[in-house]
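Coordinate analysis (summary)
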Amino acid sequence: MHSRQSGALLFCACSVPAVQLLPKLHPAAVVLTAAVAVGLWMMMQDSSIITENRFLSLAAFLLLALLLGRAAQFTGISYPTAEHTLWMDLLLLALAVYASAGGLDRILRVSAICFFFLIIIYTLIAVFSLKNINVIYPTGVVRPEIGYTSLIWVFLPMLLCTQKGIKVRQKRGLWAAMLAALWILPTILVWISQSRDFASCEKVPFYAMVKTIRAFSVVERFEPVLSAALTTGNFCLMSALCVLLREQLQKTIAGCGERASTVVIFLISAIVCTLKYPLPDILIVLVAPIFCAIRALMNLCEKNSKKAKKTEKNS
């Protein structure tokens, strides 16, 4: 059951950046990155981000805070026609921080329920958008743009699975295929049902595409349902990041209690949330590779040290 709930949590969390950010990018870049990310995720599920090294702990805390603050901005993006969305971002952020105090089990149970809701919504949107397909193959070349920093979110499952309790073991290949499809299909759907110019010009291309969907000449407004689905998924995403961030904070600062960690997490994430695009994405792209490189180097040094000690002992 825990494995299925973990898979549901990953699906709900990843659906938000997959729908909001990736459709503006070239499908070739999304497909290649998704293939690499899912492959790495299957190989590295047993790794842990929690560390006793103070410098590395601070780097991990900074990365998680940046991701949480950026994720808070997704709430307002889910309602492109709304004005003054900062209060929506901060409200859902506060709810996620509060919910994370109950531990990971609560978030897993909520995600298991939300999973079926999101599956139904996204399936309906995909089915009724098929009649709008008018392009055989997404054309154009991949050009270096600041928007491609969004690809860093494709590696989100690897980060979330470093949290103890988020482990996908049963039918792992099925979940990997589902995550790969989740990253790729929204982008492909936008590009083949609309156009490359449509994808690049619209603020949220998938949302704009949904405006064109009609069902049986009766249902003509799928956008509110999509916004509700994105808000639901974003709550799961932020809650999972909060749990991971809370554990990292308590490892970094000895004696940091529940109330203190709640206040610190909310304040730091709220500050990041107020930063204008693309600064949060740039900071995430800068911090994430540095953290991963240092962590990999430390793991290598630790393995070599243990191997040298074992060899010395045997000799």
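So, here's what we can say about the structure. (Residues numbered from 1 in each chain as written. Predicted model: local features only at pLDDT ≥ 70, side-chain atom pairs only at ≥ 80, totals over all residues. Heavy atoms only, no water.)

Focus: the overall build of the protein chain
Check the secondary structure of the protein chain and you find 12 helices and zero strands. Traced from its N-terminal end to its C-terminal end, the protein chain shows the element sequence α-α-α-α-α-α-α-α-α-α-α-α. Considering the protein chain as a whole, with its 315 residues, one finds that 51% of them fall into the buried category. At a minimum sequence separation of 6, the contacts of the protein chain that also span at least 24 residues come to 85%. When the accessible area of the protein chain is evaluated, it comes to approximately 15,300 Å², of which 68% is carbon and sulfur surface. (Helix = DSSP H or I, 4+ residues; strand = E, 2+ residues; numbered from the N terminus. Buried < 20%, exposed > 50% of the residue type's maximum accessible area, 1.4 Å probe, protein only. Contact = heavy atoms within 4.5 Å. Areas by Shrake-Rupley, 256 points an atom, 1.4 Å probe, with all protein chains shown as cover.)

With respect to the packing of aromatic side chains
By the definition in use, this model includes five aromatic pairs. Aromatic pair phenylalanine 128 and phenylalanine 222: ring centres 6.0 Å apart, planes at 35°, arrangement tilted. Of this pair, phenylalanine 128 sits in helix 5 (residues 104-129) while phenylalanine 222 sits in the loop between helix 9 (205-210) and helix 10 (223-252), and the two are 94 residues apart along the sequence. Here phenylalanine 128 falls in the buried class, since its relative accessible area comes to 17%. Taken together, the aromatic side chains of Phe11, Phe115, Phe116 and Trp175 make up a single cluster linked through ring pairs. (Phe/Tyr/Trp six-rings, centres within 6.5 Å; stacked < 30°, edge-to-face > 60°.)

Focus on a nonpolar patch on the surface
A contiguous nonpolar surface patch, about 340 Å² in accessible area, is contributed by Trp87, Leu91 and Leu95. Its location among the elements puts tryptophan 87 in helix 4 (residues 86-100). (Patch = residues over 30% accessible without salt bridge, like charges linked within 9 Å, V, L, I, M, F, W, Y side chains within 5 Å. Salt bridge = Lys/Arg side-chain N within 4 Å of Asp/Glu carboxyl O.)

Here we look at helix 11 (residues 258-273)
In this model, helix 11 (16 residues) spans 22 Å end to end at C-alpha, consistent with the 22 Å of a helix rising 1.5 Å per residue. Residues of helix 11 that are buried: Ser261, Ile265, Ser269, Ala270, Val272 and Cys273. Buried residues of helix 11, viewed axially, fall in a sector of 155°; they line one side. Turned more than 90 degrees from where helix 11 packs its buried face, Arg259 and Ile271 sit exposed. (Expected span 1.5 Å × (residues − 1). Arc of directions from axis to C-beta.)

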